[in-house]
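Each chain is listed here by its residues.
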Amino acid sequence: MSADPLSDALAVADARSVFSGGFTAGGSWAIRLRGRDRLKVNAVVRGGCLLVREDGGEPLKLSEGDVVVSDGRQAYVMCSEPGPEPVDSADVAVDPETGMARLGGGEVEDVMCVSGHIDLSRDSGELLRRALPEMIHVRADAAEAPALRWLIEQLTEEMQPHRAGGEFASDQLAQLVFVQVLRVCLTEADGLPAGWLRALADARLAPALRLMHGDPAHPWQLEELAGAAAMSRTTFAVRFKEAAGVPPLTYLMNWRMSLAARALRQDTVPVASLARSVGYTSESAFSNAFKRAMGVGPRRYREAARTEERDARLPS
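Residues numbered from 1 in each chain as written. Predicted model: local features only at pLDDT ≥ 70, side-chain atom pairs only at ≥ 80, totals over all residues. Heavy atoms only, no water.

Chemist: I'm lost on the overall build of the protein in this one. Help?
Modeler: Across its full length, the protein holds eleven helices and eleven strands. For 316 residues, the compact-globule estimate of 2.2 N^0.38 gives 20 Å, and the protein sits close to it at 22 Å. Overall size of the protein, expressed as C-alpha extent along the three principal axes, is 70 × 50 × 35 Å. Expressed as a percentage of its 316 residues, the buried residues of the protein come to 46%. Restricting the contact set of the protein to residue pairs at least 6 apart, pairs at least 24 apart contribute 74%. Entry remark: accessible area of the protein is about 15500 Å², with carbon and sulfur atoms responsible for 49%. Here the protein holds 36 positive side-chain charges and 43 negative ones, and the gap between their average locations is 9 Å. (Helix = DSSP H or I, 4+ residues; strand = E, 2+ residues; numbered from the N terminus. Rg over C-alpha atoms; globule rule 2.2 N^0.38 Å. Buried < 20%, exposed > 50% of the residue type's maximum accessible area, 1.4 Å probe, protein only. Contact = heavy atoms within 4.5 Å. Areas by Shrake-Rupley, 256 points an atom, 1.4 Å probe, with all protein chains shown as cover. Lys, Arg positive; Asp, Glu negative; His and termini not counted. Charge placed at Lys NZ, Arg CZ, Asp CG, Glu CD.)

Okay, here's the thing in structure tokens:
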């Protein structure tokens, strides 16, 4: 691996960010959005609106350039103001060429939002989802906002119909949008749940994380990792668990299993060779650890992944 834990986690989770459309709106309007167990992304390209979470709480004011990422478990409403009855996004007519819908009765389109999702269907360990808060609000004045705003502007251009290479370019830009959102999270770590992202945001712990990611097969010991963080073993262990949610060596084991799961999905490397690549001297020890972590042994996991991929290729 690259010793860049953020890049590593994105690769291992096989996260795919896709922007497929959005809406323009004018007058009085409200739309209910459901993540359907995927990370849901909304970016305000023009104007402003309110976001109301259906589990309660104060409405969130969104301004031009703001981006919101929801964990997909809770529906929420975007609206011009409190009061209008929301229409469900599944019931809104969408232009088949642009993927955009038109909301509200106003003659002027004073709001434009683009929407997408981040597919984590292959993240069987929920590496990314567990590291993120229920909702992320990236304000237009955040440190990473200028780059994010440029990406969204480019994304909006690429979503125009019949643009040569637009679909490919949109996918790449959408990936970069998600990376920028995660970078914002790293600068505002107080709002993150315990997990690898919060640990990475801790400058004292980051060197130890980079060691584990850079050489996951190495038999890392607590003393080595604490030394990289310039802490005593006890101080390091306590601080790491508070940030990551698990002790350092448990994190290492979980990371090894995530790497192994990705290799089983993508490669044909023998299980014995894979075991050595993630730090296990015997295939049986690796298989037992993998089964405890993933619920099935490595061979059955590989067979199930291949079956799922084959089924996905069949015409619907």
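Chemist: Quick question: what am I supposed to make of the pairing of strand β3 (residues 39-46) here?
Modeler: Regular strands place their side chains on alternate faces of the sheet. Burial analysis of β3 places six of its eight residues in the buried class, which makes it a mostly covered element. Strand direction decides the pairing type here: β3 and strand β10 (residues 111-119), joined by seven bridges, are antiparallel. Bridging from a neighbouring strand, R46 pairs with M112 of β10. Sheet topology places β3 next to strand β6 (residues 67-70); four bridges connect them, and they run antiparallel. If you follow K40 over to β6, its bridge partner there is S70. (Pairing = 2+ DSSP bridges.)

Chemist: Would you mind going over the packing of helix α2 (residues 145-158) against helix α3 (residues 166-187) with me for this structure?
Modeler: The geometry of α2 relative to α3 is characterised by a closest axis approach of 9 Å and an angle of 160° between their N-to-C directions. It follows that α2 is roughly antiparallel to α3 by the angle criterion. The handedness of the crossing between α2 and α3 is left-handed. For the pair α2 and α3, contact is made by A147, L148, L151, I152, Q154, L155 and E158 and by G166, A169, S170, L173, A174, L176, V177, Q180 and V181, respectively. Classifying every residue of the contact of α2 with α3 gives eleven nonpolar, four polar and one charged. (Axes fitted to C-alpha atoms, helices over the stretch in contact; angles between N-to-C directions. Parallel < 35°, antiparallel > 145°, perpendicular 65-115°, else oblique. Left-handed = near helix turned anticlockwise from the far one by under 90°. Nonpolar A, V, L, I, M, F, W, Y, C, P; charged D, E, K, R; others polar.)

Chemist: I tried to follow the side chain of D66 on my own but got confused; where do I start?
Modeler: By the secondary structure assignment, D66 is in the loop between β5 (60-62) and β6. In this structure the side chain of D66 is engaged in a polar contact, spanning 2.8 Å, whose partner is the backbone nitrogen of A140. Setting aside anything within four residues of it in sequence, one finds D66 in contact with N42, A43, V44, K61, H137, V138, R139 and A140. (Polar contact = N/O pair within 3.5 Å; in protein donor to acceptor, adjacent residues only side chain to side chain.)

Chemist: Sorry, what's going on with the pattern of salt bridges here?
Modeler: Note that side chains of opposite charge can pair when their charged atoms are close. Tallied over the entire structure, the rule returns six salt bridges. Between R32 and E54 there is a salt bridge, with the nearest N and O atoms lying 2.5 Å from each other. Taken together, the residues span a long stretch of sequence, with R32 in strand β2 (residues 30-33) and E54 in the loop between β4 (49-53) and β5 at a distance of 22 residues. Among the ionic pairs, R299 bridges to E283, the shortest N-O distance being 2.8 Å. Residue R299 is located in helix α11 (residues 298-313), and its partner E283 is located in helix α10 (residues 283-294); the two are separated by 16 residues in the primary sequence. The exposure class assigned to E283 is partly exposed, which follows from its relative accessible area of 29%. (Salt bridge = Lys/Arg side-chain N within 4 Å of Asp/Glu carboxyl O.)

Chemist: What exactly am I supposed to notice about the side chain of Q180 here?
Modeler: The residue Q180 is located in helix α3 in this model. Those residues within four positions of Q180 in sequence are excluded, and the remaining contacts are E144, A147, L148 and L151.

Chemist: It is not clear to me how helix α1 (residues 5-13) should be interpreted in this structure. Could you clarify?
Modeler: One full turn of an α-helix is made of 3.6 residues, so residues set three or four places apart face in the same direction. Of all nine residues making up α1, seven are buried, and the element is well covered by its neighbours. Elements that come into contact with the buried residues of α1 comprise α3, α4 (196-201), α5 (206-214) and α8 (248-266). Following α1 by one or two positions, D14 adopts a phi angle in the positive range, close to 55°.

Chemist: I'm lost on the nonpolar core in this one. Help?
Modeler: If you look at soluble globular proteins, the nonpolar side chains tend to sit buried side by side. Ranked by internal contacts, the top residues of the largest apolar core, which has 77 residues, are V67, F178, W196, L197, F236 and F286. Residues contacting F178, with those up to four places away along its chain left out, are L10, A15, S17, L39, I118, L128 and L132. Counting 18 residues, the second-largest nonpolar core is a separate cluster that includes L33, M78, L103 and C113. (Core = buried A, V, L, I, M, F, W, Y, C linked by side-chain atoms within 4.5 Å.)

Chemist: Would you explain the sheet that holds β2 in this entry?
Modeler: What links the strands of a sheet is backbone hydrogen bonding, and the strands pair in either a parallel or an antiparallel sense. Strand order across the open sheet formed by five strands is β5-β4-β7-β2-β8, with mixed pairing between neighbours. Lying at the two open borders of the sheet, with one neighbouring strand each, are β5 and β8 (87-88). Alignment of β2 against β8, held across two bridges, turns out to be parallel. Pairing of I31 across the sheet is with V87, part of β8.

Chemist: Help me understand the sheet that holds β3, please; the structure alone is not making it clear to me.
Modeler: Taking strand neighbours across the sheet as the criterion, the six strands line up as β9-β1-β10-β3-β6-β11 in an open arrangement whose pairing is mixed. Among the strands making up the open sheet, the edge pair consists of β9 (100-103) and β11 (135-138). Between one strand and the next, the sheet's axes are offset by a mean angle of 20°, whatever the strand orientation. Relative to β10, strand β1 (residues 16-25) runs antiparallel, the two sharing nine bridges. Residue pairing in the sheet places T24 in a bridge with M112 of β10. Where α3 meets the sheet, it contacts β1, β3, β6, β10 and β11, and its direction lies at approximately 95° from that of β1.

Spatial relationships are all this shows, so hold off on functional conclusions.
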